[in-house]
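Here is what each chain is made of, one letter per residue.
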Amino acid sequence: MSKILKIIKPDKCNGCELCVLEAQRQLETVGLEGALIRVFRKKLENSEYPQNHLEIDPRINSLNPGKIKIICPQEVFETQEIDGN
Amino acid sequence: MEINSKKVLLIDLAKQTFEAKSYSDLGKYVGGIGLGLKLYETYLTTDPVIFSIGPLNGFFPFVSKTSIVLSDNGVIEDLYIGGNLSLRIRFSGLDSVVLCNKSPEPVVLDITNTQVTFKPASIDLDYLGLPGKRSLISFEKEKVTVNDYFSTPDDFLGQKLAEKNIKGISFTGTEVFKPNNFSAYESLYQELLSRTTGLRVEKGNYPSCSNCPMGCGKSKFGEIGGNVLIHSLVACQYADKVYSDIGVIFSCLNVLGYDYTHEDLENLPKLIENTLKQIS
């Protein structure tokens with residue numbers, strides 16, 4: 001069995017980018033180039049708060065998705081076990 | 001990374017030129033307010049606005065602010081703004097960005113690493129930089145914000161950018177870093193991230209600065225003045241219990257390869273004081 005990372009509460013993302021940086025550290029890199037998670041920000045009309053939109057590269061599942069799930073302070077992610085066969 | 005020199009992007013708004021320069025003699029100013037004041041002194045005649053980060057920005061949690069030094073009618077102000085700007089400056093490979101002189105016409109700056117493109121003020125900021133790797137400074141009425149949310153306590157930055165005819169700035173950073181002892185770096189990162197109870201803010205559901213999990217209600221408003229060591233690093237003032245600990249600071253600096261000594265940090269307040277005297 002292996003685990004995959006899924007976004008379950010996208011609207012809760014606060015834009016902290018801890019998930020992005022955690023995934024990068026798992027690749028022994030500090031920076032955004034080649035990041036497997038991206039956070040895009042967009043200003044909403046009639047809202048004081050910008051909206052964050054997450055995109056995940058499927059290659060993220062070759063890393064440790066559990067650590068990415070745990071580092072998110074807003075519980076945006078869950079991990080799901082899948083049959084690797 | 002040339003660890004002990006400081007890399008500065010100089011932008012001459014009047015001539016619409018730019019140059020990235022390395023200063024091997026500015027390491028002792030550490031970063032943030034220390035570096036910003038020294039650069040202010042150096043470029044005094046150009047009425048500079050200086051954005052600076054410290055050696056830990058981008059690498060460690062709660063070190064999420066960007067220092068801004070400018071003159072408000074002859075009075076030097078040091079402001080600190082949150083959001084993701086400090087990480088974009090770090091990932092540009094820069095320590096400071098200095099905006100010199102005044103643009104002859106309204107302009108938008110599109111900065112990617114050490115390259116600057118001068119765009120007409122009519123351009124839509126959303127089309128600049130690389131989404132996901134950029135930070136946008138824009139005006140909402142007269143107030144300047146980072147990513148349409150994070151601002152500074154007073155409006156000095158907005159007034160100064162308006163004086164300089166700057167209508168917006170996009171910062172994009174695409175460089176990556178690989179600390180030599182990555183496992184030690186990772187351990188220290190996780191250890192510091194676990195210290196949220198040592199912060200002077202409560203966890204909230206507001207937009208968060210990059211590399212900070214708190215989502216606190218304070219980050220929107222930035223900071224002005226305060227502890228020079230914290231603001232040279234440039235950590236958040238609400239993380240002062242974490243980053244006033246000299247052992248923590250040296251652990252962080254050492255794992256990144258900096259060779260600062262205790263004397264360097266002990267002498268920093270005096271160095272800043274002397275720089276301020278020179279300016280005034």
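Everything below is about the structure shown above.
Predicted model, so just to flag it, every value in this text is computed and none were measured.

**Section: the overall build of chain B**
Step number 1: Secondary structure assignment for chain B yields eight helices and 13 strands.
Step number 2: Here chain B has a C-alpha radius of gyration of 17 Å; the compact-globule value for 280 residues is 19 Å, and the two agree.
Step number 3: Viewed in the frame of its principal axes, chain B has a C-alpha envelope of about 50 × 45 × 30 Å.
Step number 4: Within chain B, contacts between residues separated by at least 24 positions form 68% of all contacts whose residues are at least 6 apart in sequence.

**Quick word on the overall build of chain A**
Step number 1: Of the regular secondary structure elements, chain A holds two helices and five strands.
Step number 2: When the helices and strands of chain A are read in sequence order from the N terminus, they spell out β-α-β-β-β-α-β.
Step number 3: Referenced to the eigenvectors of the C-alpha coordinate spread, the extents of chain A come out at roughly 50 × 25 × 20 Å.
Step number 4: Considering only residue pairs separated by 6 or more positions, chain A has 64% of its internal contacts joining residues 24 or more positions apart.

**Here's the deal with helix 8 (residues 262–279) of chain B**
Step number 1: Spanning 18 residues, helix 8 of chain B covers 26 Å between terminal C-alpha atoms, matching the ideal 26 Å at 1.5 Å per step.
Step number 2: Of all bends in helix 8 of chain B, the biggest is about 40°, found at L268(B), and the proline P269(B) comes one to four residues later.

**A look at the packing of helix 1 (residues 32–42) of chain B against helix 8 of chain B**
Residue and element names in this part refer to chain B.
Step number 1: At their nearest, the axes of helix 1 and helix 8 sit 10 Å apart, and the two run at 25° to each other. Between helix 1 and helix 8, the crossing angle belongs to the class labelled roughly parallel. Note on packing geometry: the crossing formed by helix 1 with helix 8 is left-handed. For the pair helix 1 and helix 8, the contacting residues are I33, G34, L37, K38, Y40 and E41 in the first and L268, L271, I272, T275, L276, Q278 and I279 in the second.
Step number 2: When grouped by side-chain class, the residues that make up the contact of helix 1 with helix 8 number eight nonpolar, three polar and two charged.

Basis of the calculations
Residues numbered from 1 in each chain as written. Chains lettered and ligands numbered in written order. Predicted model: local features only at pLDDT ≥ 70, side-chain atom pairs only at ≥ 80, totals over all residues. Helix = DSSP H or I, 4+ residues; strand = E, 2+ residues; numbered from the N terminus. Rg over C-alpha atoms; globule rule 2.2 N^0.38 Å. Contact = placed C-beta atoms within 7 Å. Expected span 1.5 Å × (residues − 1). Bend = angle between axes of the 7 residues up to and from the residue. Axes fitted to C-alpha atoms, helices over the stretch in contact; angles between N-to-C directions. Parallel < 35°, antiparallel > 145°, perpendicular 65-115°, else oblique. Left-handed = near helix turned anticlockwise from the far one by under 90°. Nonpolar A, V, L, I, M, F, W, Y, C, P; charged D, E, K, R; others polar.

Geometric values such as these leave the question of function open.
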